[in-house]
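Structural overview for review
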Amino acid sequence: GPTARIAPEVWAASDRGTDQEALFNLFVGLRRLSSSGIVIWASDMGRGGPTTMFTKTRWPLELGGFRLYRSWEGQPAANVQQRVRPATVAGWHLDVRVYFGTQHPTKATLAKAQAEIDRLILPTS
């Protein structure tokens with residue numbers, strides 16, 4: 001019969017104490033993020049070239065190129081900011097999302113998030 005393909009994902013969370021909850025129950029964990037908390041969720045959406053959604057970009061991704069959402073459908077708490085970047089890199093469609101525990105992350109928190117994004121590794125097969 002038909003089989004569903006589950007996108008390979010990688011998660012990272014920075015808050016001591018809430019990080020495991022954020023990783024295993026995203027929306028509960030996001031409600032508990034501190035103002036310096038960060039959760040990064042990166043998904044491999046499969047092979048493909050650039051599209052209107054998955055635009056071609058350089059690697060590593062630049063946080064400044066992510067779409068910023070201060071509110072969105074299903075937002076777990078008003079303080080949680082979401083940044084989203086669907087991208088095509090080296091023939092891969094990627095969906096990378098960064099969540100902050102504040103609507104106004106500090107320069108240090110943004111730099112920490114960028115450092116984690118810089119550590120992401122592209123799929124190999």
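Above this text you will find the structure in question.
Since we're looking at a predicted model, the values are computed, not measured. (Residues numbered from 1 in each chain as written. Predicted model: local features only at pLDDT ≥ 70, side-chain atom pairs only at ≥ 80, totals over all residues. Heavy atoms only, no water.)

The subject of this paragraph is the nonpolar core. Of all hydrophobic cores here, the largest spans 16 residues; its most connected members are Leu61, Leu63, Phe66, Val96, Val98 and Ile117. The set of elements that each furnish at least two residues to this core consists of strand E2 (38–47), strand E5 (81–89), strand E6 (92–100) and helix H3 (107–119). Tallying contributions element by element places E6 first for this core, with 5 residues. When residues no more than four places from it in sequence are discounted, the contact partners of valine 96 are Ile40, Trp41, Ala42, Leu61, Phe66, Arg83, Val84, Arg85 and Leu120. Membership of the second largest hydrophobic core comes to 8 residues, among which are Leu26, Val39, Ala77 and Val80. (Core = buried A, V, L, I, M, F, W, Y, C linked by side-chain atoms within 4.5 Å. Buried < 20%, exposed > 50% of the residue type's maximum accessible area, 1.4 Å probe, protein only. Helix = DSSP H or I, 4+ residues; strand = E, 2+ residues; numbered from the N terminus. Contact = heavy atoms within 4.5 Å.)

Locating histidine 93 in the fold gives a position in strand E6. Those residues within four positions of histidine 93 in sequence are excluded, and the remaining contacts are Ser43, Asp44, Met45, Gly46, Arg47, Gly48, Gly49, Thr51, Phe54, Ala87 and Thr88.

A separate point is the layout of surface pockets. One number sums up the size of the largest pocket: a volume of about 380 Å³. What lines the largest pocket is a set of 18 residues, and nearest its centre among them are Glu9, Val10, Ala42, Leu120 and Ile121. If you list the elements that add at least two residues to the lining of the largest pocket, you get strand E1 (9–13), E2, E6 and H3. Residues of the lining of the largest pocket, tallied by class, amount to 13 nonpolar, 1 polar and 4 charged. (1 Å grid on protein atoms, 1.4 Å probe; cavity = no way out; pocket = protein on both sides within 12 Å on 5 of 7 lines; lining within 4 Å. Points joined across faces, edges and corners; volume = space filled by probe spheres on them. Nonpolar A, V, L, I, M, F, W, Y, C, P; charged D, E, K, R; others polar.)

This next bit is on the environment of tryptophan 92. By secondary structure assignment, the location of tryptophan 92 is in strand E6. In this structure tryptophan 92 touches Asp44, Gly46, Arg47, Gly48, Ala87, Pro123, Thr124 and Ser125, once residues within four positions along its chain are discounted.

Here the focus is H3. The first and last C-alpha atoms of H3 sit 19 Å apart over 13 residues, in line with the 18 Å expected at 1.5 Å per residue. Those residues of H3 that sit buried are Thr109, Ala113, Gln114 and Ile117. Seen from one end, H3 has its buried residues packed into an arc of 140°, which puts them on one side. Opposite its buried face, H3 presents the exposed residues Lys107, Ala108 and Arg119, each directed more than 90 degrees away. On the buried face of H3, the contacting elements are E2 and E6. (Expected span 1.5 Å × (residues − 1). Arc of directions from axis to C-beta.)

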